[in-house]
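# Architecture and fold: a report
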Amino acid sequence: MRRVALVTGGGAGMGEATSRRLARAGMAVGVLDINGENAEAVAAAIATAEGEALALRADISSRTQVEAAVTRLRAQFGPVTVLINNAAVESFCAFQAIDEEGWDRQLGVNLKGPYIVTQTVLPDMLAAGWGRIVNVSSFGAQTGAPNMVAYTASKGGVIAMTRSLAIELGPKGITVNSVSPGFIDTPMARRAIEGGLFPVPVEQIVASYPIPRLGCAEDVAAACAFFASEEAGYITAQLLGVNGGAAV
Ligand SMILES: NC(=O)c1ccc[n+]([C@@H]2O[C@H](COP(=O)([O-])OP(=O)(O)OC[C@H]3O[C@@H](n4cnc5c(N)ncnc54)[C@H](O)[C@@H]3O)[C@@H](O)[C@H]2O)c1
């Protein structure tokens, strides 16, 4: 049976890799991104190489935009029963310097976004009695990270939301899991590295990991695809680190 998946932040990095991976697994994929051009490019690449996709431009912190995007996806491919809550924004700022606007933006996109998108898609999963929700968190929420209090707080919220939602939705045939990436080579990580935001070169940081390299987007996509698969139906409320062993 062909499933319909929605991947937020599908226009770049892990979202792009996950969109392509799910399409290769036979799903029709809604590639949602605030950057409409990137979403179009990824959907076109999938249509050429992997399968079916639809580009959707939307800001996940806007319920109106998300509802319009999900309505388009349903109309094109049918009910949406796989959701990858991947889109997020980063910020680096000393705690005392975080203003309320910055705090609200981090929490608004990274935590309220998954809440809005999940509420919008959930009726399809409830009607099907089947669903897969994967929330992308961050190892920074597990280990702590200096100058990232707002970001890590939002991702800690994503981890807690995952567990509570899993308990609520398990009896309805819907699994909810979280993938927690470590250092992954994506545009987000590159912005931080090139902006000199780490105290030592990133190669030095990852050298101490059991697997001493940066992760790649496909490493995370593989974990998301597993949680999204038919076979993962008895696995819920889990947090899977894709971090080279950097955190448990
Ligand atoms: N890269 C890392 O090292 C790392 C580490 C831990 C966790 N993460 C998490 O992994 C996920 C993917 O990160 P990435 O590195 O691929 O990021 P990225 O910045 O490379 O890509 C994120 C995508 O999300 C989109 N996006 C941003 N805000 C949006 C919004 N409001 N609405 C819709 N789309 C929006 C962007 O346009 C972009 O295409 C994020 O949740 C991130 O917090 C990343």
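Look above for the structure.
Summary of the structure given here. Everything numeric in this text was worked out from a predicted model, so none of it was measured.

### Brief notes about the pattern of salt bridges
- Counting across every chain of the model gives 8 salt bridges.
- Several salt bridges converge on common partners, so that one network encompasses Arg20, Arg24 and Glu50.

### Points about a negative patch on the surface
- Together, Asp99, Glu100, Glu101 and Asp104 make up a region of like negative charge exposed at the surface.
- Here Asp99 is to be found in the loop between strand S4 (82-85) and helix H4 (100-110).

### So, the sheet that holds strand S9 (residues 239-242)
- Spatially, 7 strands are ordered S3-S2-S1-S4-S5-S6-S9 in an open sheet, and the strand pairing comes out parallel. Among the strands making up the open sheet, the edge pair consists of strand S3 (53-57) and S9. The sheet shows a mean angle of 20 degrees between the axes of neighbouring strands, taken without regard to direction.
- Pairing between strand S5 (residues 131-136) and strand S6 (residues 174-181): 6 bridges, direction parallel. Within S6, the residue paired with Asn135 across the bridge is Ser178.
- Taken strand by strand, helix H7 (residues 149-169) contacts S5, S6 and S9, and its axis lies near 160 degrees from that of S6.
- Sheet contacts for helix H10 (residues 217-228): S4, S5, S6 and S9; angle to S6, the most-contacted strand, approximately 170 degrees.

### Focus: the site of the ligand
- Surveying the vicinity of the ligand reveals 29 residues, the closest of which are Asp33, Asn86, Tyr151, Lys155 and Thr186.
- Residue Lys155 places a side-chain N or O atom 2.7 Å away from an oxygen atom belonging to the ligand.
- Calculation on the ligand without its partners gives an accessible area of 830 Å², and the protein chains cover 93% of this total.
- Mapped by element, the contributors of at least two residues to the shell around the ligand are helix H1 (13-24), H7 and helix H8 (187-194).
- Of all the elements, H8 adds the most residues to the shell around the ligand, at 4 residues.
- A per-class count over the shell around the ligand returns 17 nonpolar, 8 polar and 4 charged.

### Examining the packing of aromatic side chains
- Scanning the entire structure with this criterion turns up 4 aromatic pairs.
- Judged by centre distance (4.9 Å) and plane angle (80 degrees), the ring pair of Phe183 and Phe198 falls under edge-to-face. Of this pair, Phe183 sits in the loop between S6 and strand S7 (184-185) while Phe198 sits in the loop between H8 and helix H9 (202-207), placing them 15 residues apart in sequence.
- Judged by relative accessible area, which is 13%, Phe183 ranks as buried.
- Assessed through its relative accessible area of 23%, Phe198 is described here as partly exposed.
- An aromatic cluster is present here, built from Phe92, Phe139, Phe183 and Phe198 joined pairwise through their rings.
- Positioned above the aromatic ring of Trp130, the side-chain terminus of Arg3 is 3.4 Å from the ring centre.

### Quick notes on the environment of Leu214
- Locating Leu214 in the fold gives a position in the loop between H9 and strand S8 (215-216).
- For Leu214, a relative accessible area of 16% puts it in the buried group.
- Note: C-alpha distance between Leu214 and Gly244 (30 residues apart in sequence) is 8.0 Å.
- When sequence neighbours within four positions are dropped, the list of residues in contact with Leu214 reads Phe183, Ile184, Asp185, Arg190, Val202 and Val206.

### Overview of the state of the cysteines
- If you walk through the whole model with that rule in mind, you get 0 disulfides.
- Here Cys224 stays unpaired: no disulfide links it, and the sulfur of Cys216, its closest cysteine neighbor, is 13 Å away.

Rules and cut-offs
Residues numbered from 1 in each chain as written. Predicted model: local features only at pLDDT ≥ 70, side-chain atom pairs only at ≥ 80, totals over all residues. Heavy atoms only, no water. Salt bridge = Lys/Arg side-chain N within 4 Å of Asp/Glu carboxyl O. Patch = residues over 30% accessible without salt bridge, like charges linked within 9 Å, V, L, I, M, F, W, Y side chains within 5 Å. Areas by Shrake-Rupley, 256 points an atom, 1.4 Å probe, with all protein chains shown as cover. Lys, Arg positive; Asp, Glu negative; His and termini not counted. Charge placed at Lys NZ, Arg CZ, Asp CG, Glu CD. Helix = DSSP H or I, 4+ residues; strand = E, 2+ residues; numbered from the N terminus. Pairing = 2+ DSSP bridges. Axes fitted to C-alpha atoms, helices over the stretch in contact; angles between N-to-C directions. Contact = heavy atoms within 4.5 Å. Near = heavy atom within 4 Å. Polar contact = N/O pair within 3.5 Å; in protein donor to acceptor, adjacent residues only side chain to side chain. Nonpolar A, V, L, I, M, F, W, Y, C, P; charged D, E, K, R; others polar. Phe/Tyr/Trp six-rings, centres within 6.5 Å; stacked < 30°, edge-to-face > 60°. Buried < 20%, exposed > 50% of the residue type's maximum accessible area, 1.4 Å probe, protein only. Lys NZ or Arg CZ within 6 Å of the ring centre and 35° of its normal. Disulfide = S-S within 2.5 Å.

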